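Examining the three-dimensional arrangement
Read off the chains here:
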Amino acid sequence: MQSDPHFHQLFQTHPDWLFDILGEPVPANCHFTSPVAKAVQRQLDGYLTADGRPPTVVEIQMWPDAVIYLRTGMELAQVGIQIHPQAAAAIILFGSADLDPRTEPWCSFIRAIYLDHELERLAREQPEHLLLSVLFPLIQPDQSKLVAEGPLHYYRLKTAAAPPKDRDILLRVLTDFLFQRLPQYTHSQLAMMMNLTPLEETEGYKSLIRDATAKGLSQGLSQGLIRVAHRRFPDADRSIDGAIADLDYLQLERLTDVMLDLPDLQALETWLISAVSR
């Protein structure tokens, strides 16, 4: 599942929720951003700042990656040089413990957090926490329960005491995760089945509907561009795959136009960073 952009939206809107996952009190003035480490030309998954604690590099890892600790360590060093000299902390938020490669010596000072374990704790301590509804499709393995219980979680988010813009972000993340978990249904079928018709009023759902007809084309185009990228630039790592996969259909078309003109891997990474920031 594609999840990095969704977690960025969640934690940018609610940085306090990351502390709820960590099981820590929420400090004042906490902020979650995604700055670019220029020397490695990579946009960080997250950069957490708050009163009373060192700035923290946050990586979100929902699939296996043998070099995640090495990459996070490099990002931590680069952030210390370019952004804040006291950025001495890093967290990797793994989907589950089985995704953690426990790479020495990095794992001795980079904190590993397991999302499934922490959400179980959060469900015991704060069963009404909205994050449990947003991430319901990630923590419920039974597809029949996704369909049966999805409307309840949708309703909780729709009626939450939050600004309309924030609610729209939460609803968009929930529904996109549902669509990814239930690919056998069309958007309209799933919305009707789950009685989510009011979601059509949100900008998130409108965006999903606009992109629905291009979804299959986008997946095929992104896979083809990933293969071309690795053929042209053998040193490209898996972060390139994720960056290309996260592009929308129009961005993929633009990348198709320029791919063969890019002189080296750094030019491709720069182009991808620019595409994300537009």
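Attention here is on the structure that accompanies the text.

About the cut-offs
Residues numbered from 1 in each chain as written. Predicted model: local features only at pLDDT ≥ 70, side-chain atom pairs only at ≥ 80, totals over all residues. Heavy atoms only, no water. Axes fitted to C-alpha atoms, helices over the stretch in contact; angles between N-to-C directions. Helix = DSSP H or I, 4+ residues; strand = E, 2+ residues; numbered from the N terminus. Parallel < 35°, antiparallel > 145°, perpendicular 65-115°, else oblique. Left-handed = near helix turned anticlockwise from the far one by under 90°. Contact = heavy atoms within 4.5 Å. Nonpolar A, V, L, I, M, F, W, Y, C, P; charged D, E, K, R; others polar. Salt bridge = Lys/Arg side-chain N within 4 Å of Asp/Glu carboxyl O. Buried < 20%, exposed > 50% of the residue type's maximum accessible area, 1.4 Å probe, protein only. Phe/Tyr/Trp six-rings, centres within 6.5 Å; stacked < 30°, edge-to-face > 60°. Expected span 1.5 Å × (residues − 1). Polar contact = N/O pair within 3.5 Å; in protein donor to acceptor, adjacent residues only side chain to side chain. Patch = residues over 30% accessible without salt bridge, like charges linked within 9 Å, V, L, I, M, F, W, Y side chains within 5 Å. Areas by Shrake-Rupley, 256 points an atom, 1.4 Å probe, with all protein chains shown as cover. Pairing = 2+ DSSP bridges.

Focus on the packing of helix α1 (residues 4-13) against helix α8 (residues 164-181)
In helix packing, the relevant descriptors are the interaxial angle and the interaxial distance, both defined with respect to the helix axes. Where α1 contacts α8, the axes come no closer than 10 Å and their chain directions differ by 155°. Between α1 and α8, the crossing angle belongs to the class labelled roughly antiparallel. As for the relative orientation of α1 and α8, their crossing is left-handed in sense. Contacts between α1 and α8 involve His 6, Gln 9, Leu 10 and Thr 13 on the former and, on the latter, Asp 166, Ile 169, Leu 170, Val 173, Asp 176, Phe 177 and Gln 180. Here the contact of α1 with α8 is built from residues that sort into 5 nonpolar, 4 polar and 2 charged.

Here we look at the pattern of salt bridges
Under the counting rule described, the total for this entry stands at 7 salt bridges. Salt-bridge contacts for Arg 111 lead to Glu 24; the nearest nitrogen and oxygen are separated by 2.6 Å. Pair noted here: Arg 111 is in strand β7 (residues 111-114) and Glu 24 is in the loop between α2 (15-22) and β1 (31-33), with a separation of 87 residues, a long-range link. Take Glu 24: its relative accessible area is 24%, and that puts it in the partly exposed class. Note that Arg 71 is salt-bridged to Asp 65, the shortest N-O span being 3.0 Å. Each member of the pair, Arg 71 as well as Asp 65, carries the same accessibility label: buried. Linked by salt bridges that have partners in common, Glu 24, Arg 53 and Arg 111 make up one network.

Considering the packing of aromatic side chains
Summed over the entire model, instances satisfying the criterion amount to 6 aromatic pairs. Between the aromatic rings of Phe 7 and Phe 177, the centroid separation amounts to 6.5 Å while the plane-to-plane angle is 50°, which identifies the pairing as tilted. Placement of the pair is Phe 7 in helix α1 and Phe 177 in helix α8, with a sequence separation of 170 residues. Summarising the burial analysis for this pair, Phe 7 and Phe 177 share the class buried. Relative to Phe 32, the ring of Phe 11 has its centre 5.5 Å away and its plane inclined at 70°; by these criteria the two rings are edge-to-face. Note that Phe 11 is positioned in helix α1 and Phe 32 in strand β1, a separation of 21 residues in sequence. Take Phe 11: its relative accessible area is 0%, and that puts it in the buried class.

Side note on unusual backbone geometry
Omega for the peptide link from Glu 104 to Pro 105 comes to 0°, which places this bond in the cis form. Positive phi, close to 55°, is recorded for Asn 29, a residue that is not glycine. Within the secondary structure layout, Asn 29 lies in the loop between α2 and β1. Non-glycine residue Arg 102 carries a positive phi angle of around 50°. By the element assignment, Arg 102 lies in the loop between β6 (89-94) and β7.

With respect to helix α3 (residues 68-82)
With 15 residues, α3 should reach 21 Å at 1.5 Å per residue; the first-to-last C-alpha distance of 21 Å fits that figure. Considered for burial, the residues of α3 that qualify are Ile 68, Tyr 69, Arg 71, Thr 72, Gly 73, Glu 75, Leu 76, Gln 78 and Val 79.

Points about the environment of Arg 53
By the element assignment, Arg 53 lies in strand β5 (residues 53-61). Residue classification places Arg 53 among the partly exposed residues on the basis of a relative accessible area of 23%. Excluding anything up to four places from it in sequence, Arg 53 contacts Phe 19, Glu 24 and Pro 27. Of note is the side chain of Arg 53, whose polar atom sits 2.8 Å from the side chain of Glu 24.

Remarks on the packing of α2 against helix α4 (residues 115-125)
Where α2 contacts α4, the two axes come as close as 8 Å, and the packing angle between them is 90°. Here α2 lies roughly perpendicular to α4, going by the angle between them. Across from Asp 20, Ile 21 and Leu 22 in α2, the residues of α4 making contact are Leu 115, Glu 118, Arg 121 and Leu 122. Split by residue class, the contact of α2 with α4 holds 4 nonpolar, no polar and 3 charged.

Some words on a nonpolar patch on the surface
A cluster of nonpolar side chains, namely Val 67, Leu 70 and Met 74, defines an oily patch on the protein surface of about 250 Å² accessible area. Here Met 74 is to be found in helix α3. Under the relative-accessibility criterion, Met 74 is labelled partly exposed at 44%.

Re the pairing of β5
Across a regular strand the side chains alternate sides, sitting on one face of the sheet and then on the other. Counting buried residues along β5, 7 of its 9 residues qualify, which places the element largely inside the surrounding structure. Here 4 bridges tie strand β4 (residues 46-50) to β5, and the two strands are oriented antiparallel to one another. Across the sheet, residue Gly 46 finds its bridge partner in β5, namely Val 58. Connecting β4 to the next strand, β5, in antiparallel fashion are 2 residues, including Gly 52 with a positive phi near 80°. Here 6 bridges tie β5 to β6, and the two strands are oriented parallel to one another. Within β6, the position partnered with Val 57 by the bridge is Ala 90.

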